[in-house]
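The residues making up each chain are set out below.
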Amino acid sequence: MTTQSGETPLLEVQDLCVSFVQYTSCLRQSTLQVINNLSVSIYPGEIVAVVGSSGSGKSLLAHAVLGILPGNASFSGVISYDGQALSPKRQAELRGREIALIPQSVNYLDPLMRVGKQVQTSVHAGNPRSRQREVFERYQLSPDVDKLFPFQLSGGMARRVLVSTALVSGARLVIADEPTPGLDDAAVAETLDYFRDLADQGCGVMLITHDIEAALKIADRIAVFYAGSTVEIAPVQDFAGEGEALRHPYTKALWRALPQNGFEPMPGSQPLPHELPAGCVFQPRCRQATSECSTERPAMRTVREGMVRCIHAT
Amino acid sequence: MLLEAKQIGFRYERDRWVLRGVDISIQSGEIVGLVGPSGFGKSTLCRILAGYEKPYEGQVLLDGAPLPASGFHPVQLVFQHPEKAVNPRWRMSRTLAEGGALDESLLGQLGIQQEWLGRFPNELSGGELQRFCVARALNPQTRFLLADEMTAMLDTITQAQIWQVVKEVARRENLGVLVISHEKNLIHRLCTRVVDLTITNEKT
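Residues numbered from 1 in each chain as written. Chains lettered and ligands numbered in written order. Predicted model: local features only at pLDDT ≥ 70, side-chain atom pairs only at ≥ 80, totals over all residues. Heavy atoms only, no water.

## Focus: the interface of chain B and chain A
Taken together, the contact pairs 29 residues of chain B with 31 residues of chain A. A combined buried area of about 2,300 Å² lies between chain B and chain A, and 53% of that area is made up of carbon and sulfur atoms. Counting the surface chain B buries against chain A, the share from its top three residues, Thr156(B), Ile157(B) and Arg189(B), is 25%. Summed over the shared surface of chain B and chain A, the number is one salt bridge. Salt-bridge contacts for Glu275(A) lead to Arg119(B); the nearest nitrogen and oxygen are separated by 3.2 Å. Taken together, the connections running from chain B to chain A amount to eight residue pairs in polar contact (both at pLDDT 80 or more). Residue assignment for the side of chain B that touches chain A shows that the elements contributing at least two residues are α4 (126-137), α5 (156-173) and α6 (184-190) of chain B. With seven residues, the single largest contributor to the side of chain B that touches chain A is α5(B). (Contact = heavy atoms within 4.5 Å. Buried area = accessible area lost by both parts, 1.4 Å probe. Salt bridge = Lys/Arg side-chain N within 4 Å of Asp/Glu carboxyl O. Polar contact = N/O pair within 3.5 Å; in protein donor to acceptor, adjacent residues only side chain to side chain. Helix = DSSP H or I, 4+ residues; strand = E, 2+ residues; numbered from the N terminus.)

## Quick notes on the nonpolar core
Ranked by internal contacts, the top residues of the largest apolar core, which has 99 residues, are Phe195(A), Ile222(A) and Trp163(B). Setting aside residues no more than four positions away along its own chain, Ile222(A) makes contact with Ala49(A), Val51(A), Ala215(A), Leu216(A), Glu232(A), Ile233(A), Ala234(A), Val236(A) and Phe239(A). If you look at the next biggest cluster of nonpolar residues, it comprises 36 residues, including Val18(A), Leu38(A), Leu60(A) and Ala73(A). (Core = buried A, V, L, I, M, F, W, Y, C linked by side-chain atoms within 4.5 Å. Buried < 20%, exposed > 50% of the residue type's maximum accessible area, 1.4 Å probe, protein only.)

## Quick look at the sheet that holds strand β6 (residues 75-78) of chain B
All names here are of chain B. Spatial strand order, β6-β7-β8-β3-β9: five strands in an open sheet with parallel pairing. Strands at the two margins of the open sheet, each flanked by one partner only, are β6 and β9 (193-196). Going from strand to strand, the sheet's axes swing by 20° on average, the running direction of each strand aside. For strand β7 (residues 144-148) and strand β8 (residues 176-180), the ladder comprises five bridges, and the chain directions are parallel. Considered in β8, the bridge of Phe 144 is made with Gly 176. Its contacts with the sheet put α5 on β3 (31-35), β7 and β8, and the angle it makes with β8 is roughly 150°. (Pairing = 2+ DSSP bridges. Axes fitted to C-alpha atoms, helices over the stretch in contact; angles between N-to-C directions.)

## Considerations on the state of the cysteines
Residues and elements named next belong to chain A. One pass over the structure, following the stated rule, counts zero disulfides over all chains. Cys 280 supplies the cysteine sulfur nearest to Cys 293, a cysteine that is in no disulfide, at a spacing of 6.1 Å. Here Cys 293 falls in the buried class, since its relative accessible area comes to 8%. (Disulfide = S-S within 2.5 Å.)

## Some words on the packing of aromatic side chains
Here the structure, examined in full by the defined rule, presents 10 aromatic pairs over all chains. Here the aromatic rings of Phe239(A) and Trp255(A) are separated by 6.0 Å at their centres, their planes lie at 75°, and the arrangement is edge-to-face. Of this pair, Phe239(A) sits in the loop between β10 (229-235) and α8 (249-256) while Trp255(A) is found in helix α8, placing the two residues 16 residues apart along the sequence. Accessibility classification places Phe239(A) together with Trp255(A) in one group, the buried group. For the pair Tyr250(A) and Phe282(A), a centre-to-centre distance of 5.6 Å together with 65° between the ring planes defines the contact as edge-to-face. In this pair, Tyr250(A) is assigned in helix α8 and Phe282(A) in the loop between α8 and β11 (301-303), connecting sequence segments 32 residues apart. Tyr250(A) sits in the buried class, given a relative accessible area of 1%. An aromatic cluster of three or more residues is present, and its members are Phe10(B), Tyr12(B), Trp17(B) and Tyr56(B). The ring centre of Tyr56(B) lies 5.1 Å from the NZ or CZ of Arg11(B), which sits over that ring. (Phe/Tyr/Trp six-rings, centres within 6.5 Å; stacked < 30°, edge-to-face > 60°. Lys NZ or Arg CZ within 6 Å of the ring centre and 35° of its normal.)

## Quick notes on α8(A)
Among the eight residues of α8(A), six are classified as buried, and the element is accordingly described as predominantly covered. For α8(A), the set of buried residues is Pro249(A), Tyr250(A), Thr251(A), Ala253(A), Leu254(A) and Trp255(A). Looking at the buried side of α8(A), the elements it contacts are α7 (212-218), β9 (221-226) and β10 of chain A together with α5 of chain B.

Just distances and angles here, no functional claims.
Set out below in C-alpha coordinates:
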(Lines give C-alpha, C1' and ligand atoms only; values in the text may rest on other atoms or scores of the structure.)
Protein backbone atom coordinates (compact mmCIF):
# COMPACT_ATOMS: atom_id res chain seq x y z
CA MET A 1 0.00 0.00 0.00
CA THR A 2 2.71 2.48 0.87
CA THR A 3 6.44 2.29 1.37
CA GLN A 4 7.07 -1.43 1.63
CA SER A 5 4.79 -2.40 -1.23
CA GLY A 6 6.53 -5.72 -1.85
CA GLU A 7 5.43 -7.24 1.44
CA THR A 8 1.99 -8.29 2.64
CA PRO A 9 0.85 -6.08 5.49
CA LEU A 10 0.14 -7.87 8.75
CA LEU A 11 -2.93 -5.76 9.24
CA GLU A 12 -4.72 -3.80 6.60
CA VAL A 13 -7.78 -1.71 7.30
CA GLN A 14 -9.55 -0.33 4.26
CA ASP A 15 -12.39 2.18 4.25
CA LEU A 16 -13.58 1.25 7.69
CA CYS A 17 -16.83 2.91 8.73
CA VAL A 18 -18.31 2.34 12.18
CA SER A 19 -21.73 3.55 13.22
CA PHE A 20 -23.84 3.28 16.34
CA VAL A 21 -27.58 2.98 16.66
CA GLN A 22 -28.82 5.34 19.35
CA TYR A 23 -32.17 6.07 20.88
CA THR A 24 -32.87 9.77 20.61
CA SER A 25 -36.24 9.93 22.36
CA CYS A 26 -38.46 7.06 23.50
CA LEU A 27 -38.38 4.57 20.65
CA ARG A 28 -36.93 6.80 17.99
CA GLN A 29 -33.64 5.51 16.67
CA SER A 30 -30.91 7.28 14.82
CA THR A 31 -27.64 6.10 13.37
CA LEU A 32 -24.48 7.94 14.23
CA GLN A 33 -21.44 7.34 12.08
CA VAL A 34 -18.31 7.75 14.20
CA ILE A 35 -15.60 6.40 11.89
CA ASN A 36 -15.60 7.36 8.22
CA ASN A 37 -13.47 5.73 5.55
CA LEU A 38 -10.55 5.00 7.76
CA SER A 39 -7.58 3.20 6.23
CA VAL A 40 -4.32 2.13 7.83
CA SER A 41 -1.86 -0.74 7.46
CA ILE A 42 0.84 -2.28 9.61
CA TYR A 43 3.77 -4.38 8.35
CA PRO A 44 5.73 -6.95 10.38
CA GLY A 45 8.50 -5.34 12.42
CA GLU A 46 6.86 -1.95 12.26
CA ILE A 47 5.38 0.35 14.89
CA VAL A 48 2.56 2.50 13.64
CA ALA A 49 1.40 5.15 16.05
CA VAL A 50 -2.20 6.25 15.82
CA VAL A 51 -2.48 9.78 17.20
CA GLY A 52 -5.45 12.09 17.50
CA SER A 53 -7.47 13.85 20.15
CA SER A 54 -10.06 12.11 22.27
CA GLY A 55 -13.18 11.35 20.27
CA SER A 56 -11.28 10.94 17.01
CA GLY A 57 -12.03 7.21 16.88
CA LYS A 58 -8.67 5.74 17.90
CA SER A 59 -9.93 3.21 20.43
CA LEU A 60 -12.84 2.20 18.22
CA LEU A 61 -10.37 1.20 15.55
CA ALA A 62 -8.69 -1.16 18.03
CA HIS A 63 -12.05 -2.58 19.06
CA ALA A 64 -13.06 -3.09 15.44
CA VAL A 65 -9.83 -4.98 14.69
CA LEU A 66 -10.32 -7.23 17.71
CA GLY A 67 -14.02 -7.70 16.98
CA ILE A 68 -15.14 -6.36 20.35
CA LEU A 69 -17.32 -3.44 19.30
CA PRO A 70 -20.46 -3.06 21.40
CA GLY A 71 -23.71 -4.65 20.24
CA ASN A 72 -25.27 -1.50 18.88
CA ALA A 73 -22.36 -0.87 16.53
CA SER A 74 -22.17 -1.88 12.90
CA PHE A 75 -19.28 -1.57 10.54
CA SER A 76 -18.43 -1.72 6.88
CA GLY A 77 -15.11 -1.88 5.10
CA VAL A 78 -12.46 -4.57 5.06
CA ILE A 79 -10.06 -5.57 7.83
CA SER A 80 -7.49 -8.09 6.64
CA TYR A 81 -4.98 -9.94 8.74
CA ASP A 82 -2.03 -11.50 6.92
CA GLY A 83 -3.73 -10.92 3.60
CA GLN A 84 -7.02 -12.57 4.58
CA ALA A 85 -10.21 -10.70 5.36
CA LEU A 86 -11.30 -11.09 8.98
CA SER A 87 -14.68 -12.55 9.82
CA PRO A 88 -16.14 -12.37 13.35
CA LYS A 89 -15.35 -16.08 13.79
CA ARG A 90 -11.73 -15.65 12.73
CA GLN A 91 -11.39 -12.58 14.98
CA ALA A 92 -12.49 -14.66 17.95
CA GLU A 93 -9.89 -17.30 17.04
CA LEU A 94 -7.06 -14.81 16.62
CA ARG A 95 -7.84 -12.67 19.64
CA GLY A 96 -5.28 -13.31 22.38
CA ARG A 97 -3.31 -15.70 20.12
CA GLU A 98 -2.24 -13.83 17.00
CA ILE A 99 -3.57 -10.40 17.96
CA ALA A 100 -3.02 -9.15 21.51
CA LEU A 101 -4.28 -6.05 23.23
CA ILE A 102 -2.24 -4.27 25.86
CA PRO A 103 -4.93 -2.36 27.70
CA GLN A 104 -4.40 1.18 28.87
CA SER A 105 -4.82 0.54 32.54
CA VAL A 106 -3.11 -1.91 34.86
CA ASN A 107 -6.58 -2.43 36.35
CA TYR A 108 -7.11 -5.00 33.60
CA LEU A 109 -5.07 -7.58 35.51
CA ASP A 110 -7.09 -10.11 37.50
CA PRO A 111 -6.79 -8.82 41.07
CA LEU A 112 -7.25 -12.27 42.64
CA MET A 113 -4.71 -14.21 40.61
CA ARG A 114 -0.96 -14.35 41.18
CA VAL A 115 0.75 -12.62 38.27
CA GLY A 116 2.94 -15.58 37.28
CA LYS A 117 -0.13 -17.81 36.86
CA GLN A 118 -1.93 -15.03 35.08
CA VAL A 119 0.76 -14.70 32.45
CA GLN A 120 0.95 -18.50 32.05
CA THR A 121 -2.71 -18.63 31.01
CA SER A 122 -1.77 -16.67 27.89
CA VAL A 123 0.81 -19.20 26.70
CA HIS A 124 -0.49 -21.19 23.74
CA ALA A 125 2.61 -23.12 22.68
CA GLY A 126 5.31 -24.77 24.76
CA ASN A 127 5.65 -25.06 28.50
CA PRO A 128 3.68 -22.24 30.15
CA ARG A 129 5.83 -22.15 33.26
CA SER A 130 9.18 -21.88 31.50
CA ARG A 131 7.86 -19.53 28.84
CA GLN A 132 6.55 -17.15 31.49
CA ARG A 133 9.78 -17.32 33.50
CA GLU A 134 11.83 -16.63 30.38
CA VAL A 135 9.88 -13.48 29.57
CA PHE A 136 9.87 -12.26 33.19
CA GLU A 137 13.63 -12.78 33.30
CA ARG A 138 14.03 -10.57 30.29
CA TYR A 139 12.05 -7.78 31.96
CA GLN A 140 13.96 -8.10 35.24
CA LEU A 141 11.03 -9.59 37.12
CA SER A 142 12.59 -11.90 39.72
CA PRO A 143 11.14 -15.34 40.61
CA ASP A 144 9.46 -13.99 43.76
CA VAL A 145 7.39 -11.62 41.57
CA ASP A 146 5.60 -14.69 40.13
CA LYS A 147 3.84 -15.16 43.44
CA LEU A 148 2.67 -11.58 43.90
CA PHE A 149 -0.84 -10.29 43.39
CA PRO A 150 -1.37 -7.27 41.14
CA PHE A 151 -1.93 -4.87 44.07
CA GLN A 152 1.58 -5.67 45.35
CA LEU A 153 3.23 -4.46 42.16
CA SER A 154 4.47 -0.96 41.46
CA GLY A 155 3.07 0.79 38.38
CA GLY A 156 6.15 -0.03 36.33
CA MET A 157 6.15 -3.71 37.31
CA ALA A 158 2.45 -4.04 36.52
CA ARG A 159 3.13 -2.54 33.11
CA ARG A 160 5.90 -5.11 32.49
CA VAL A 161 3.50 -7.89 33.47
CA LEU A 162 0.94 -6.63 30.94
CA VAL A 163 3.56 -6.50 28.21
CA SER A 164 4.72 -10.02 29.17
CA THR A 165 1.17 -11.28 28.65
CA ALA A 166 1.29 -10.06 25.06
CA LEU A 167 4.79 -11.44 24.56
CA VAL A 168 4.20 -14.99 25.82
CA SER A 169 1.04 -15.33 23.75
CA GLY A 170 3.22 -15.35 20.65
CA ALA A 171 1.00 -12.68 19.10
CA ARG A 172 2.26 -11.19 15.86
CA LEU A 173 0.15 -8.07 16.10
CA VAL A 174 0.12 -6.09 19.32
CA ILE A 175 -2.30 -3.25 19.90
CA ALA A 176 -1.39 -0.95 22.80
CA ASP A 177 -4.11 1.44 23.87
CA GLU A 178 -2.86 4.65 25.54
CA PRO A 179 -0.06 2.98 27.50
CA THR A 180 1.75 6.08 28.75
CA PRO A 181 -0.39 8.84 30.29
CA GLY A 182 0.39 9.72 33.88
CA LEU A 183 3.68 7.83 33.88
CA ASP A 184 6.85 9.71 34.67
CA ASP A 185 9.65 10.05 32.12
CA ALA A 186 11.58 6.95 33.16
CA ALA A 187 8.46 4.77 33.10
CA VAL A 188 7.41 6.12 29.69
CA ALA A 189 10.84 5.42 28.22
CA GLU A 190 10.76 1.91 29.68
CA THR A 191 7.28 1.18 28.30
CA LEU A 192 8.22 2.44 24.85
CA ASP A 193 11.35 0.27 24.84
CA TYR A 194 9.17 -2.81 25.32
CA PHE A 195 7.24 -1.98 22.18
CA ARG A 196 10.40 -1.38 20.16
CA ASP A 197 11.61 -4.73 21.42
CA LEU A 198 8.38 -6.46 20.29
CA ALA A 199 8.68 -4.88 16.84
CA ASP A 200 12.34 -5.84 16.54
CA GLN A 201 11.27 -9.43 17.05
CA GLY A 202 9.04 -9.16 14.00
CA CYS A 203 5.72 -8.18 15.55
CA GLY A 204 3.58 -5.42 14.16
CA VAL A 205 2.68 -2.87 16.82
CA MET A 206 -0.19 -0.42 16.77
CA LEU A 207 0.44 2.23 19.40
CA ILE A 208 -2.69 4.23 20.13
CA THR A 209 -1.90 7.50 21.87
CA HIS A 210 -2.76 11.17 22.08
CA ASP A 211 0.84 11.84 23.09
CA ILE A 212 2.58 12.77 19.88
CA GLU A 213 5.96 13.07 21.60
CA ALA A 214 5.85 9.47 22.83
CA ALA A 215 4.81 8.36 19.35
CA LEU A 216 7.73 10.17 17.73
CA LYS A 217 10.26 8.44 19.96
CA ILE A 218 9.62 4.92 18.69
CA ALA A 219 7.18 4.74 15.81
CA ASP A 220 8.13 4.15 12.19
CA ARG A 221 5.03 5.74 10.78
CA ILE A 222 2.38 7.96 12.32
CA ALA A 223 -1.28 7.89 11.39
CA VAL A 224 -3.11 11.05 12.37
CA PHE A 225 -6.83 10.80 13.15
CA TYR A 226 -9.28 13.64 13.08
CA ALA A 227 -13.04 13.41 13.52
CA GLY A 228 -13.23 9.68 12.79
CA SER A 229 -10.97 9.60 9.78
CA THR A 230 -7.27 9.32 8.93
CA VAL A 231 -6.09 12.67 7.65
CA GLU A 232 -2.45 11.73 7.17
CA ILE A 233 -0.05 8.80 7.42
CA ALA A 234 3.52 10.05 7.53
CA PRO A 235 6.95 8.56 8.13
CA VAL A 236 8.28 9.68 11.50
CA GLN A 237 11.17 11.65 9.97
CA ASP A 238 8.68 14.15 8.54
CA PHE A 239 7.98 15.46 12.03
CA ALA A 240 10.89 17.89 12.12
CA GLY A 241 11.66 21.61 11.98
CA GLU A 242 8.61 23.74 11.30
CA GLY A 243 6.73 20.73 9.96
CA GLU A 244 7.44 21.64 6.31
CA ALA A 245 7.56 17.97 5.31
CA LEU A 246 4.12 17.23 6.78
CA ARG A 247 1.23 17.04 4.37
CA HIS A 248 -2.00 17.86 6.15
CA PRO A 249 -2.68 21.26 7.78
CA TYR A 250 -4.04 19.52 10.90
CA THR A 251 -0.83 17.50 11.34
CA LYS A 252 1.20 20.69 10.96
CA ALA A 253 -0.94 22.41 13.57
CA LEU A 254 -0.50 19.47 15.99
CA TRP A 255 3.25 19.64 15.52
CA ARG A 256 3.48 23.41 15.95
CA ALA A 257 1.31 23.37 19.07
CA LEU A 258 3.89 21.31 20.98
CA PRO A 259 5.34 23.36 23.84
CA GLN A 260 8.85 23.09 22.40
CA ASN A 261 7.73 24.08 18.87
CA GLY A 262 6.02 27.39 19.34
CA PHE A 263 3.03 26.34 21.50
CA GLU A 264 0.78 27.95 18.88
CA PRO A 265 -2.89 27.15 19.44
CA MET A 266 -5.20 26.86 16.47
CA PRO A 267 -8.74 28.13 17.08
CA GLY A 268 -11.81 25.89 17.05
CA SER A 269 -12.35 22.30 18.06
CA GLN A 270 -12.88 18.91 16.47
CA PRO A 271 -16.51 18.52 15.31
CA LEU A 272 -18.67 15.91 17.02
CA PRO A 273 -19.81 12.91 14.92
CA HIS A 274 -23.34 14.21 14.35
CA GLU A 275 -22.26 17.65 13.26
CA LEU A 276 -19.58 16.92 10.71
CA PRO A 277 -19.26 19.68 8.14
CA ALA A 278 -19.89 19.05 4.45
CA GLY A 279 -16.82 18.19 2.41
CA CYS A 280 -13.50 17.95 4.21
CA VAL A 281 -14.01 17.47 7.96
CA PHE A 282 -11.18 19.88 8.74
CA GLN A 283 -12.30 22.62 6.35
CA PRO A 284 -13.98 24.98 8.92
CA ARG A 285 -10.68 25.33 10.79
CA CYS A 286 -8.38 25.33 7.79
CA ARG A 287 -6.66 28.48 6.58
CA GLN A 288 -6.03 27.05 3.13
CA ALA A 289 -9.65 26.01 2.59
CA THR A 290 -11.20 26.93 -0.75
CA SER A 291 -14.75 26.49 -2.02
CA GLU A 292 -13.91 23.01 -3.42
CA CYS A 293 -13.06 21.87 0.11
CA SER A 294 -16.65 22.21 1.26
CA THR A 295 -18.21 20.33 -1.63
CA GLU A 296 -16.57 16.92 -1.60
CA ARG A 297 -14.88 14.82 1.06
CA PRO A 298 -11.31 14.29 -0.17
CA ALA A 299 -10.04 10.76 -0.75
CA MET A 300 -6.81 9.43 0.71
CA ARG A 301 -3.97 9.84 -1.78
CA THR A 302 -0.25 9.20 -1.85
CA VAL A 303 2.04 12.21 -1.54
CA ARG A 304 5.81 11.81 -1.06
CA GLU A 305 6.11 8.44 0.75
CA GLY A 306 3.01 9.15 2.81
CA MET A 307 -0.72 9.49 2.48
CA VAL A 308 -2.97 12.46 2.96
CA ARG A 309 -6.64 13.37 2.77
CA CYS A 310 -6.39 16.92 1.46
CA ILE A 311 -6.79 18.21 -2.07
CA HIS A 312 -4.24 20.98 -1.53
CA ALA A 313 -1.42 18.87 -0.12
CA THR A 314 1.79 18.72 -2.10
CA MET B 1 -0.87 37.59 47.89
CA LEU B 2 1.17 34.67 49.09
CA LEU B 3 0.04 31.04 49.31
CA GLU B 4 2.38 29.00 51.44
CA ALA B 5 2.49 25.49 52.81
CA LYS B 6 4.79 25.01 55.78
CA GLN B 7 6.28 21.70 56.90
CA ILE B 8 3.41 19.67 55.44
CA GLY B 9 3.14 16.04 56.52
CA PHE B 10 0.44 13.75 55.19
CA ARG B 11 -0.28 10.02 55.13
CA TYR B 12 -3.13 7.81 53.99
CA GLU B 13 -1.92 4.80 56.02
CA ARG B 14 -0.08 4.52 59.32
CA ASP B 15 3.71 4.61 58.99
CA ARG B 16 3.55 5.42 55.29
CA TRP B 17 4.08 9.11 54.86
CA VAL B 18 3.24 10.49 51.46
CA LEU B 19 4.52 13.95 52.30
CA ARG B 20 6.83 15.00 55.10
CA GLY B 21 8.37 18.38 55.82
CA VAL B 22 7.27 19.91 52.53
CA ASP B 23 7.50 23.69 52.11
CA ILE B 24 6.17 25.46 49.05
CA SER B 25 5.13 29.02 48.38
CA ILE B 26 3.51 30.72 45.42
CA GLN B 27 3.26 34.48 44.92
CA SER B 28 0.42 36.11 43.00
CA GLY B 29 1.39 36.57 39.38
CA GLU B 30 3.85 33.70 39.45
CA ILE B 31 3.63 30.46 37.42
CA VAL B 32 5.42 27.70 39.33
CA GLY B 33 6.05 24.15 38.15
CA LEU B 34 5.82 21.17 40.49
CA VAL B 35 7.65 18.04 39.34
CA GLY B 36 8.57 14.64 40.76
CA PRO B 37 8.12 10.96 39.87
CA SER B 38 4.79 9.13 40.27
CA GLY B 39 3.95 8.49 43.89
CA PHE B 40 5.83 11.46 45.32
CA GLY B 41 2.69 13.19 46.52
CA LYS B 42 2.24 15.89 43.88
CA SER B 43 -1.51 15.41 43.65
CA THR B 44 -1.85 15.03 47.41
CA LEU B 45 -0.05 18.32 47.91
CA CYS B 46 -2.48 19.97 45.50
CA ARG B 47 -5.45 18.54 47.36
CA ILE B 48 -4.05 19.95 50.60
CA LEU B 49 -3.37 23.39 49.10
CA ALA B 50 -6.92 23.52 47.70
CA GLY B 51 -8.44 22.46 51.03
CA TYR B 52 -9.70 18.99 49.95
CA GLU B 53 -7.49 17.33 52.60
CA LYS B 54 -6.31 18.48 56.01
CA PRO B 55 -2.57 17.91 56.57
CA TYR B 56 -1.50 15.83 59.58
CA GLU B 57 1.40 18.15 60.17
CA GLY B 58 2.12 21.73 59.16
CA GLN B 59 -0.24 24.32 57.79
CA VAL B 60 -1.39 26.09 54.67
CA LEU B 61 -1.50 29.87 54.90
CA LEU B 62 -2.88 32.53 52.61
CA ASP B 63 -1.17 35.84 53.38
CA GLY B 64 -0.29 34.46 56.81
CA ALA B 65 -3.87 33.43 57.71
CA PRO B 66 -5.42 29.94 57.48
CA LEU B 67 -7.51 29.11 54.40
CA PRO B 68 -11.17 30.15 54.73
CA ALA B 69 -13.43 27.33 55.98
CA SER B 70 -16.55 28.59 54.19
CA GLY B 71 -17.49 30.77 51.24
CA PHE B 72 -15.67 30.84 47.92
CA HIS B 73 -12.34 29.06 48.12
CA PRO B 74 -9.62 31.31 46.69
CA VAL B 75 -7.46 28.31 45.74
CA GLN B 76 -9.01 26.30 42.91
CA LEU B 77 -7.85 22.93 41.62
CA VAL B 78 -8.33 21.61 38.07
CA PHE B 79 -7.96 17.83 37.77
CA GLN B 80 -6.50 15.60 35.07
CA HIS B 81 -9.73 13.79 34.17
CA PRO B 82 -12.55 16.26 33.52
CA GLU B 83 -15.11 13.49 33.13
CA LYS B 84 -14.54 12.58 36.77
CA ALA B 85 -14.83 16.18 37.94
CA VAL B 86 -18.33 16.95 36.65
CA ASN B 87 -21.71 15.55 37.57
CA PRO B 88 -22.71 13.19 34.72
CA ARG B 89 -26.42 13.93 35.28
CA TRP B 90 -26.15 17.68 35.04
CA ARG B 91 -26.26 19.77 31.91
CA MET B 92 -23.07 21.77 31.42
CA SER B 93 -24.74 25.09 32.26
CA ARG B 94 -25.42 23.80 35.78
CA THR B 95 -21.86 22.52 36.19
CA LEU B 96 -20.56 25.89 35.10
CA ALA B 97 -22.86 27.67 37.57
CA GLU B 98 -21.18 25.76 40.43
CA GLY B 99 -18.23 28.11 40.05
CA GLY B 100 -20.44 31.09 40.84
CA ALA B 101 -20.85 34.26 38.75
CA LEU B 102 -18.50 34.12 35.82
CA ASP B 103 -16.91 36.45 33.36
CA GLU B 104 -18.98 35.76 30.21
CA SER B 105 -16.18 36.71 27.85
CA LEU B 106 -14.15 33.82 29.28
CA LEU B 107 -16.47 31.32 27.57
CA GLY B 108 -15.69 32.84 24.20
CA GLN B 109 -11.96 32.90 24.88
CA LEU B 110 -11.99 29.24 25.87
CA GLY B 111 -13.91 28.38 22.72
CA ILE B 112 -16.97 27.13 24.63
CA GLN B 113 -19.90 27.26 22.22
CA GLN B 114 -23.37 28.30 23.40
CA GLU B 115 -25.00 25.03 22.31
CA TRP B 116 -22.63 23.01 24.51
CA LEU B 117 -24.23 24.54 27.60
CA GLY B 118 -27.38 22.45 27.13
CA ARG B 119 -25.45 19.18 26.77
CA PHE B 120 -24.63 16.40 29.20
CA PRO B 121 -20.96 15.52 29.83
CA ASN B 122 -21.13 12.30 27.77
CA GLU B 123 -22.03 14.39 24.74
CA LEU B 124 -18.75 16.29 24.83
CA SER B 125 -15.16 15.23 24.24
CA GLY B 126 -12.50 15.35 26.97
CA GLY B 127 -11.00 18.56 25.58
CA GLU B 128 -14.37 20.27 25.51
CA LEU B 129 -15.18 19.17 29.06
CA GLN B 130 -11.83 20.37 30.35
CA ARG B 131 -12.59 23.86 28.99
CA PHE B 132 -15.67 23.90 31.23
CA CYS B 133 -13.64 22.79 34.24
CA VAL B 134 -11.15 25.60 33.61
CA ALA B 135 -13.93 28.18 33.21
CA ARG B 136 -15.57 26.94 36.43
CA ALA B 137 -12.28 27.37 38.33
CA LEU B 138 -11.59 30.87 36.98
CA ASN B 139 -14.16 32.78 39.01
CA PRO B 140 -13.15 36.43 39.59
CA GLN B 141 -12.60 35.58 43.27
CA THR B 142 -10.05 32.87 42.47
CA ARG B 143 -6.56 33.95 43.55
CA PHE B 144 -4.59 30.76 42.92
CA LEU B 145 -5.08 28.06 40.31
CA LEU B 146 -3.60 24.59 40.68
CA ALA B 147 -3.38 22.63 37.43
CA ASP B 148 -2.83 18.94 38.20
CA GLU B 149 -1.90 17.37 34.83
CA MET B 150 -4.65 19.61 33.46
CA THR B 151 -3.85 18.97 29.81
CA ALA B 152 -2.15 15.54 29.97
CA MET B 153 -5.10 13.81 28.32
CA LEU B 154 -5.56 16.41 25.58
CA ASP B 155 -4.07 16.80 22.13
CA THR B 156 -1.38 19.43 21.67
CA ILE B 157 -3.65 21.97 19.97
CA THR B 158 -6.25 21.92 22.73
CA GLN B 159 -3.44 22.03 25.29
CA ALA B 160 -2.00 25.17 23.72
CA GLN B 161 -5.48 26.76 23.44
CA ILE B 162 -6.29 26.23 27.12
CA TRP B 163 -2.91 27.37 28.41
CA GLN B 164 -3.00 30.50 26.29
CA VAL B 165 -6.26 31.52 27.98
CA VAL B 166 -5.10 30.56 31.47
CA LYS B 167 -1.86 32.52 31.06
CA GLU B 168 -3.77 35.56 29.86
CA VAL B 169 -6.27 35.44 32.75
CA ALA B 170 -3.45 34.87 35.25
CA ARG B 171 -1.62 37.92 33.94
CA ARG B 172 -4.71 40.14 33.91
CA GLU B 173 -6.04 39.04 37.32
CA ASN B 174 -2.60 38.61 38.86
CA LEU B 175 -3.26 34.96 39.76
CA GLY B 176 -0.68 32.56 41.11
CA VAL B 177 -0.56 29.29 39.14
CA LEU B 178 0.92 25.91 40.08
CA VAL B 179 1.56 23.59 37.12
CA ILE B 180 1.97 19.87 37.72
CA SER B 181 3.13 17.97 34.70
CA HIS B 182 5.37 15.15 33.60
CA GLU B 183 6.03 17.01 30.39
CA LYS B 184 9.30 18.85 30.77
CA ASN B 185 8.76 20.93 27.67
CA LEU B 186 5.43 22.21 28.94
CA ILE B 187 6.96 23.17 32.29
CA HIS B 188 9.84 24.96 30.54
CA ARG B 189 7.45 26.85 28.33
CA LEU B 190 5.13 28.02 31.11
CA CYS B 191 6.96 28.36 34.40
CA THR B 192 9.24 30.94 35.90
CA ARG B 193 10.32 28.62 38.70
CA VAL B 194 10.21 24.86 39.34
CA VAL B 195 9.85 23.00 42.64
CA ASP B 196 11.15 19.42 42.63
CA LEU B 197 9.38 17.20 45.17
CA THR B 198 12.21 14.65 45.18
CA ILE B 199 14.28 17.36 46.87
CA THR B 200 11.59 18.97 49.02
CA ASN B 201 9.80 15.85 50.25
CA GLU B 202 11.55 14.21 53.20
CA LYS B 203 9.05 11.36 53.50
CA THR B 204 11.45 8.47 54.16
